[in-house]
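Per-entry structural report
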Amino acid sequence: MRNAPWLGTLTVVGSGAAALTIILLVVVVMANILIGGWDTLSWEFLSAAPTEGMTAGGVFPAIVGTFLRVILMSIVGVPIGAITAIYLSEYASQRSIFARFIRFAVNTLAGVPAIVFGLFGLGFFIQFVGGGMDRAFGDGVELRWAQPNLLWASLTMALMTLPVVIVSVEEAMRNVPRELREASLALGASRWQTVYKVVLPNSITGLLTGGVLAVSRGAGEVAPILFTGAAYFLPHLPNSLSDQFMELGYHIYVMSTQSPDVEATMGIQYATTLVLLLLTFSLNFAAVYLRYRMRKRAIA
Amino acid sequence: MRSSDLYTRKFHVSEFLAEKLIAATAFLSFAVIILIFVFVFREALPIFSSSEPATHDEAVQEEVETYGEEALGEASQLRAAEEKERRAGSIEHVEGNASLRNLLSTDWQPVSGEPKFGLLPLIVGSLKVSLIAILLAAPLAILAALYTSTFAPKRVKEILKPAIEILAGFPSVVIGFFALIVLATFVQDLFGTMYRLNAFVGGVALSLAVIPIVYTIAEDAIAAVPKSMTEASLALGATSWQTALFVTLPAATPGIFAAVLLGVGRAFGETMIVLMATGNAALMTFNVTDPVRTMSATIGAEMAEVVFGDTHYNVLFLIGSILFIFTFTLNAVAEFYIRRRLLRKFRGG
Amino acid sequence: MTTSMDETRIRTEGLNLFYGPKQALKSVSVDLKKSRVTALIGPSGCGKSTFLRALNRMNDLIDDVHVEGKVLIEGVDIYDPKVDVVELRKRVGMIFQKSNPFPKSIYENVAYGPRINGVNDRSKLDEMVERSLRQAALWDEVKDDLTKSGLALSGGQQQRLCIARAMAVNPEILLMDEPASALDPIATAKIEELIYQLKSTYTIVIVTHNMQQAARVSDDTAFFYLGELIEMDETKKMFTAPSKKQTEDYVTGRFG
Ligand SMILES: Nc1ncnc2c1ncn2[C@@H]1O[C@H](COP(=O)(O)OP(=O)(O)OP(=O)(O)O)[C@@H](O)[C@H]1O
Ligand SMILES: [Mg+2]
């Protein structure tokens, strides 16, 4: 059997067919959403708020909410991720127990389900930190921080996307040739000077890639914000960190599962999905492009 | 001579601070894991500690609109009025008791007059959907990975890889939406299933999220098989498919195994897809065309409307703890296999 | 080592170096003199680079390295915990086998050292850059495009840029690990010429596989074999009348 020609054909054709099937699945989903959402998608849809009990109008507040959330998330997550990557790639000895613990933690973090991050956000940020803040600064009656809001949702998301940033930045730093570090150190530069003046400037692309990937992942993830800050409908845009916010992914979820007349809003649902898909896609393409450039440079 | 001041080792404040700060920040990842552990388990703990109602002074959380249990099968038909009523019911809640017996029962009715917190249907539900997803995703992804790294011409490979990895960028709510609107109807028309949303639809949708993970890691594992090995085989006159099947695949087995484990972990923990596509009925059946309610979906659907601190709330955190432990274990095992593969890769030169 | 009355600048005493369990240097004791060029020769893997990197503690960067014995520079044991490594490396410059300019402009490459030492005054930097480039015999070739990337230079020019960069921090000692091994004969000749000119100001230690080169540029030669220093003497003597059989075999190419 080891040299039966049919087995050879089967292997090549079978594996090729598998690859093709996956590509087809990707195309079908994309085409379906593109076709379904195209007619409704318009400038007005992007720039107007929902009207008539969410059965008409646009998704502007949801876009703003998503935007605010990923910005806040990046402001917190990208620096922390980058510094962790610096530690792992530049400071830690590969054998140090501490570094191994951190590496293990990063890998574990990458595998923690999004919904568990949501629980963590609820238990830690809202109940523990927010509750503590309210007890310390509040009047004891009104809840300000011990409830779902933009800040807690963003922080939860920042922790969730941390591994994405770390892995991407670390890869970029490892691509910086050892010779450059040695050149710098041999000139009497300290470790930090070497990191700051040689390693970081040469891994900017990786930093960008990491940030973009994290934003893309964060923009599309709904589970962690189900109960840490997203709201179905709000008449106002959020204007403080302690406000709740509307959000594209959450909007899709709510509209498609609990609106009283799903059929009537089908166009809006599709268009919202299309907006989210286009958003995450352009981000992913940007990341792929950056990474491609980075690898090409690493080879050269 | 200058050399005398070689001895006077200067204390570089900024250098020292930078190093400590960087190490402290790096420690954060580790701290977060510990914190997740502590805070998720902490909220689950009251179930085991006492029969007294847990005392949380946090107020009832009302603002957030979500939806909870779905009517059997038809998610989309749920009327808003019913929804309100049910939520009103849950606010003047009945303090349930989550004895071990209750937790191990086969009924999940957390908001009925006498709350039942049987986790079994949820566990079975998660396992059922994950199993379907991995059974569909793993063969497809592994074969596609084999094709990409061994048979595909370079040009095809350069398109194939990013194209499949695009799938990883699909937000899960998008996949869930597609499954809910399109896939469910398609499956029902095709097989004439009784319920539009069911475990099978959920599993198929979930496989879309699992494929890119298994594919990427398996492809990595296959590509990491030392060239010397495959070249030796080819030099002995084996054809490329024989080499792929009898040399490359076996050599990459630990990595592929890890890929599947991580895929299972992803499937098990995924929330939005199953929440939208499985029908969410906590039925204890093994029929794949019945609606099903998974652990993650239960948390996602119910957490926003429970009373902070009551038994239902604690039980949801208990479910979260189980999810966490399960995925944690899977990851640890997978990492063990990946590390072994890497070791081999480096030894293989 | 009775050949020179020059002052000792670097002295090692019983230097042992281990990579994990593997011993790469075995009790190396040697005196290197001021204002002289010392060539390190020996078969591949005998520990020449390891020895060189022990002199500015570049081996510190490798996990698992363990050093015993002493390396005294001007009488100071550089492995003493009180010694400032950063300061040490400013005194002991290093040129690597593979030229490694930063992906920055020529100017910024040379200005790197002064800048990390806190020199930010533009005119002072200009002056240091020019002086270093002149010392490295590169000034005339690059003076009109100092803003060009260092990577845009030819291999030989890149190596001289690295030398200029090292000299901009005013070291007293220059360590060169096969600085010309990747260069063509013309570029090699330029580097050798340069070494000849620099030796009055610097103590130079150079690793080379090229016997002719060792004979041309060095005053003293040290022969390493399997991590041990077999013999060290004036280059002339080493190449004409070495006292050890192994040395003779190696320099005459009968080594096997
Ligand atoms: N980073 C390292 N880790 C472990 N062993 C090393 C390391 N660097 C060098 N060695 C070992 O130490 C010994 C001496 O190496 P070294 O690079 O000093 O030799 P060399 O004389 O410079 O050789 P070449 O002429 O090829 O450059 C060799 O056996 C080498 O394998
Ligand atoms: Mg060497």
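See the structure shown above.
Residues numbered from 1 in each chain as written. Chains lettered and ligands numbered in written order. Predicted model: local features only at pLDDT ≥ 70, side-chain atom pairs only at ≥ 80, totals over all residues. Heavy atoms only, no water.

A word on the interface of chain A and chain C
- Counting from both sides, the interface comprises 19 residues of chain A and, opposite them, 24 residues of chain C.
- Of the roughly 1,800 Å² buried between chain A and chain C on both sides combined, carbon and sulfur atoms contribute 61%.
- Considering only the surface of chain A that becomes buried against chain C, A:Ala186, A:Leu187 and A:Lys197 emerge as the three largest contributors, covering 34% of it.
- Run the count over chain A and chain C and you get five residue pairs in polar contact (both at pLDDT 80 or more).
- Take the side of chain A that touches chain C: its biggest share by element is seven residues, from helix α7 (residues 178-186) of chain A. (Contact = heavy atoms within 4.5 Å. Buried area = accessible area lost by both parts, 1.4 Å probe. Polar contact = N/O pair within 3.5 Å; in protein donor to acceptor, adjacent residues only side chain to side chain. Helix = DSSP H or I, 4+ residues; strand = E, 2+ residues; numbered from the N terminus.)

Some words on the layout of surface pockets
- Of the voids in this model, the second largest pocket is the one considered here, and its volume is about 1,300 Å³.
- Of the residues belonging to the lining of the second largest pocket, the class tally is 16 nonpolar, six polar and 17 charged. (1 Å grid on protein atoms, 1.4 Å probe; cavity = no way out; pocket = protein on both sides within 12 Å on 5 of 7 lines; lining within 4 Å. Points joined across faces, edges and corners; volume = space filled by probe spheres on them. Nonpolar A, V, L, I, M, F, W, Y, C, P; charged D, E, K, R; others polar.)

Looking at the pattern of salt bridges
- All told, the structure shown has 29 salt bridges over all chains when counted by the stated rule.
- A:Glu182 is paired through a salt bridge with A:Arg178; the nearest N and O atoms lie 3.2 Å apart. Taken together, the residues span about one helical turn, with A:Glu182 and A:Arg178 both in helix α7 at a distance of four residues.
- For C:Arg122, the salt bridge is made with C:Asp126, and the minimal N-O distance between the two is 3.6 Å. You can see C:Arg122 and its partner C:Asp126 sitting in helix α4 (residues 122-135), four residues apart, about one turn around the helix. (Salt bridge = Lys/Arg side-chain N within 4 Å of Asp/Glu carboxyl O.)

Quick word on the interface of chain A and chain B
- Listed per partner, the contact involves 91 residues of chain A and 85 residues of chain B.
- Surface buried jointly by chain A and chain B totals about 7,700 Å² across both partners, of which 77% is contributed by carbon and sulfur atoms.
- Put simply, chain A and chain B have five residue pairs in polar contact (both at pLDDT 80 or more) between them.
- Secondary-structure elements contributing two or more residues to the side of chain A that touches chain B are α1 (5-38), α3 (60-91), α4 (97-111), α5 (114-137), α6 (150-175), α8 (191-199), α10 (248-258) and α11 (266-299) of chain A.
- For the side of chain A that touches chain B, the residue count by class is 58 nonpolar, 29 polar and four charged.

Concerning the packing of aromatic side chains
- Scanning the entire structure with this criterion turns up 31 aromatic pairs over all chains.
- Measuring from centroid to centroid gives 5.9 Å for A:Phe120 and A:Phe125, while their planes differ by 65 degrees, and the two rings are edge-to-face.
- A relative accessible area of 9% means that A:Phe125 is categorised as buried.
- Relative to B:Phe151, the ring of B:Tyr147 lies with its centre 6.5 Å away and its plane at 50 degrees, an arrangement referred to as tilted. Of this pair, B:Tyr147 and B:Phe151 both sit in helix α5 (residues 120-151), separated by four residues, roughly a single helical turn.
- B:Phe151 gets classed as buried once you look at its relative accessible area, which sits at 15%.
- A:Lys197 extends its terminal NZ or CZ atom over the ring of C:Tyr112, reaching a point 5.6 Å from the ring centre.
- Taking NZ or CZ as reference, C:Arg165 lies 4.5 Å from the ring centre of C:Phe102, over its face. (Phe/Tyr/Trp six-rings, centres within 6.5 Å; stacked < 30°, edge-to-face > 60°. Buried < 20%, exposed > 50% of the residue type's maximum accessible area, 1.4 Å probe, protein only. Lys NZ or Arg CZ within 6 Å of the ring centre and 35° of its normal.)

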